[in-house]
Every structure is written in structure tokens, then in C-alpha cells.
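# Coordinate analysis (summary)
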Amino acid sequence: MTVDAQFWQGKKVFLTGHTGFKGSWLSLWLQSLGAEVHGYALPAPTTPSLYAVARVEDGMASTIADIRDAKAVQDAMAAFRPDIVLHMAAQPLVRLSYTEPVETYATNVMGTVHVLEAARHVDSVRAIVNVTTDKCYENHEWVWGYRENEPMGGHDPYSNSKGCSELVTSAYRRSFFQQGNTALASARAGNVIGGGDWALDRLVPDILRAFEAGQQVTIRNPHATRPWQHVLEPLSGYLTLAQCLYQQGQPYAEGWNFGPNEGDARPVQWIVERMCEKWSEATSWQLDGGEHPHEANYLKLDISKAGSRLGWQPCWNLLTALDAIIEWHHAWLSGHDMQQQCLQQIAAYTQAMKAHHP
């Protein structure tokens, strides 16, 4: 199965986190599919932001409010009466969770409760996807990928809060959504990369900032291995999953992994070296030898379930993803229309998706 443009035409989608990096890409994709999108989020988390430079708000309704405000979430969703809820609002950074643990849990755990509680009181909702992370699993640093039935865990507050969000999703599913017309699933994606990400303490944005400044790239953990994937890969998974939930309901109301193929789980050093090669000017990297909070060294996802039951598979390998990022960033530095740049990359990805699913 692929993302079905005919399905999304006219669908009412309530999207939390629409001002963020992933949320902005998903908002543009949904707009291009003809969906009616209502976003709910705090203001864009960075300056510059993809939300601003790609004029994401032009094609959708937007409520700027806090996911921790239960009444505001309820009021916005009840007024819009969506068909589908995609919950992506989060505090998404591991290192920030060490300095802001209470905010991280309040946003990622109680924010999920607020969205699910609002959705169960709006009878128009047919499908809900709660987006968490590959870091929700109890990480044993082993070499094989985590499957959807592995235990939840998480060493740091961010990872653990997303494990908690998964447990909240499971409890709400069994308590409130097993009967009736609403199907609830969760989606776990790997380390997402793409043009328009200006977050602090993320590898690719840090690399691009160093390139722009003509400085050496400084990395903390060159041997850490992650399941890197272009942002459009997991977004295609979320959309495919939402279609199945809407059309077929409870058989798909489970947890799902959306990660890259095994060969694209690469160490940080590999990413830095490839990006240095692809950037036009001379670039290099160095090791940051300071003290840093714990971060996992090895993490992979098993995506065989999504392949066998959803017919979903990755379409862009890691080199293609890095090419798309460099192309996007050069376009931005050259003053191009970044909404069109995003839509062109979405169109190119859609063509690759169709080629993978003839």
C-alpha cells in the first residue's frame, strides 16, 4: 500500500505539532493531497523554522496553544470535528530532557493523555496515530532491531517519556477504543533527518550550521549508530497507517515501527564524512572530548511487520536522503521559494514510493 491521494482528498485532519520540523513537512504533504488540516502546537521552536520559511500556515487552519492545556486541546478538536488525529506534538530532544525533565514528561505523557481524552469525546474521529520514537524501547545495545512487542523503557527522560506515552496509548486503546468506530495506533520512527531542521543538539543541523560558518564540525559520539531516515519516510508510514485505521479499523490498532533498511543504520562518523564530501566547500570534523549525558550507542528498528502487513517499505536510501538535505539547504541559502522546494521533494519521494509499489 502507498499513500493514497484520493483517500486524503477532503479528509479533516487534526495535527498536533504542526509548527515543528516533522509537523511542517507533514502539513505540506497533507495540503498537497487535498486534506483539510487543522494544526495545534506552540509557536515554531526555532528561528529560522521550516514552518516560517516554507509558509506552512498559508494552506491550513492553526491553533497556537499548549498541548499541556487539556481544555484548549478539547475545545480545538471539538470545534474542528476531525476524521483523523495525528499526534506529533512533543518535547523531542534527549539532551534538553536532562535539563527540563518535568516539562518533558508533562508534554510527552500528559500531552498524549489530553489528545486521546479529547479524541474519545469527539464522535467524528475514526483514526488516531500517536507518534512516539524508536527510543521508547528498553535499549540493550544489541545488534538486531527492536520489534513492536519489545518492552518499553528509556534511559533518559525523553526516551522514557515516550515509553510512557506508548503505555498511555495501550491503556486508552484497551479501555476506550476497542469498541466503536475509532481505531488507535502508535508509530515509532528512527532518527529523522531532512531539510529545514534547525534544532539544537541534533547531528545534521549541527553539521549544517558548522558548514555555513566555515567551521569544523564537532561531534560527541562518532561511533553511535542510529537508524537514519529522511523525514518523508516515516511520514509516509504514518499516512499509510492512518488510511488502514480509517478503512479497516481494529486489526491495525497496534504499535508500528517505521525505520530505514538495515544498511542505513550507520554511525555518526559515517554521516559526517558523507556530508563533508557532498558540501561544496572544504569541510572537516573534530571530536568533542567534553563530558556529556548518556546517549544510546546502538539502536535499530525491525520494520518487517510494517512491510508484511501494511505493505510499507523505505524508498530513499541514506545517500539519497543526504543529497536531498544538501540540495534543500543550498536552495535556502540561495533564496529559493522553500515551499516549492519542499513540494518538489515530496513529489520526487512520491514517485519513488510508486516505483517501490507498482
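Notes on the structure follow. (Residues numbered from 1 in each chain as written. Predicted model: local features only at pLDDT ≥ 70, side-chain atom pairs only at ≥ 80, totals over all residues. Heavy atoms only, no water.)

Across its full length, the protein holds 13 helices and twelve strands. In terms of overall size, the protein behaves like a compact globule, its C-alpha atoms giving a radius of gyration of 19 Å where 358 residues would be expected to give roughly 21 Å. Projected onto the principal axes, the alpha-carbon positions of the protein cover approximately 60 × 40 × 40 Å. With 358 residues in all, the protein has 57% of them scored as buried. Counted over contacts in the protein with a minimum sequence separation of 6, partners at least 24 positions apart contribute 82%. The average position of the 27 basic charges and that of the 37 acidic charges among the side chains of the protein differ by 6 Å. (Helix = DSSP H or I, 4+ residues; strand = E, 2+ residues; numbered from the N terminus. Rg over C-alpha atoms; globule rule 2.2 N^0.38 Å. Buried < 20%, exposed > 50% of the residue type's maximum accessible area, 1.4 Å probe, protein only. Contact = heavy atoms within 4.5 Å. Lys, Arg positive; Asp, Glu negative; His and termini not counted. Charge placed at Lys NZ, Arg CZ, Asp CG, Glu CD.)

Okay, helix H7 (residues 157-176) next. Here H7 spans 27 Å end to end across 20 residues, near enough to the 28 Å set by a 1.5 Å rise per residue. Capping the start of H7, Asp156 holds a side-chain oxygen 3.1 Å from the backbone nitrogen of Tyr158, two or three residues further along. (Expected span 1.5 Å × (residues − 1). Polar contact = N/O pair within 3.5 Å; in protein donor to acceptor, adjacent residues only side chain to side chain.)

Moving on, we come to unusual backbone geometry. Trans is the common state for peptide bonds, and a negative phi is the common state for residues other than glycine. Residue Pro48 is bonded to the preceding Thr47 through a cis peptide linkage, with omega at 0°. Following the sequence through the fold, Pro48 ends up in the loop between strand S2 (36-41) and helix H3 (50-53). At Arg55, a residue that is not glycine, the phi angle is positive and equals roughly 50°. Relative to the assigned elements, Arg55 resides in the loop between H3 and strand S3 (61-64). For Arg55, a relative accessible area of 33% translates into the label partly exposed.

Strands sit in the order S3-S2-S1-S4-S5-S6-S10 across an open sheet of seven strands; the sheet is parallel. On the outer flanks of this sheet lie S3 and strand S10 (255-258), each paired with one strand and no other. Taken over all neighbouring pairs, the strand axes of this sheet differ in orientation by 20° on average, direction set aside. As judged from the four bridges shared by strand S6 (residues 183-189) and S10, these two strands associate in the parallel manner. (Pairing = 2+ DSSP bridges. Axes fitted to C-alpha atoms, helices over the stretch in contact; angles between N-to-C directions.)

With that out of the way, let us pick up the environment of Gly10. Position of Gly10 relative to the elements: it lies in the loop between helix H1 (5-8) and strand S1 (12-16). Judged by relative accessible area, which is 46%, Gly10 ranks as partly exposed. With 26 residues separating them in the primary sequence, Gly10 and Glu36 have C-alpha atoms 5.8 Å apart. Setting aside chain neighbours within four positions, we find Gly10 in contact with Gly34, Ala35 and Asp83.

This brings us to the packing of aromatic side chains. For any pair of aromatic rings, the description consists of the separation of the ring centres together with the inter-plane angle of the planes. Under the defined criterion, the tally for this structure stands at 13 aromatic pairs. Each ring, one from Phe7 and one from Trp8, has its centre 5.0 Å from the other, and the planes form 85°; the classification is edge-to-face. Each member of the pair, Phe7 as well as Trp8, is classed as buried. Arranged with centres 5.5 Å apart and planes meeting at 15°, the rings of Tyr137 and Tyr146 form a pair that is stacked. These aromatic residues form a ring-pair network of at least three members: Phe7, Trp8 and Tyr246. Over the face of the ring belonging to Tyr246 we find Arg126, whose NZ or CZ atom lies 4.2 Å from the ring centre. We note Arg309 situated over the ring of Tyr252; from NZ or CZ to the ring centre the distance is 5.6 Å. (Phe/Tyr/Trp six-rings, centres within 6.5 Å; stacked < 30°, edge-to-face > 60°. Lys NZ or Arg CZ within 6 Å of the ring centre and 35° of its normal.)

In this structure, Trp8, Trp25, Trp29, Leu86 and Leu241 are the most contacted members of the largest nonpolar core, which totals 65 residues. Broken down by element, this core gets its largest block of residues, nine residues, from helix H9 (residues 232-248). (Core = buried A, V, L, I, M, F, W, Y, C linked by side-chain atoms within 4.5 Å.)

Spatially, S7-S9-S11 is the arrangement adopted by the three strands of the open sheet, whose pairing is mixed. Either end of the sheet is taken by a strand with one partner, and the two such strands are strand S7 (191-193) and strand S11 (265-267). Averaged over neighbouring strand pairs, the angle between their axes works out to 50° when direction is ignored. Pairing between S7 and strand S9 (residues 225-230): three bridges, direction parallel. Paired with Val192 across the two strands is Gln229, which belongs to S9.

Interhelical geometry of helix H2 (residues 21-32) versus helix H13 (residues 338-356) gives an angle of 70° and a closest axis separation of 10 Å. In terms of orientation, H2 and H13 fall into the roughly perpendicular class. Judged by residue contacts, Trp25, Leu28, Trp29 and Ser32 of H2 engage Gln339, Cys342, Leu343, Gln345, Ile346, Tyr349, Thr350 and Met353 from H13. Across the contact of H2 with H13, the residue classes break down as eight nonpolar, four polar and no charged. (Parallel < 35°, antiparallel > 145°, perpendicular 65-115°, else oblique. Nonpolar A, V, L, I, M, F, W, Y, C, P; charged D, E, K, R; others polar.)

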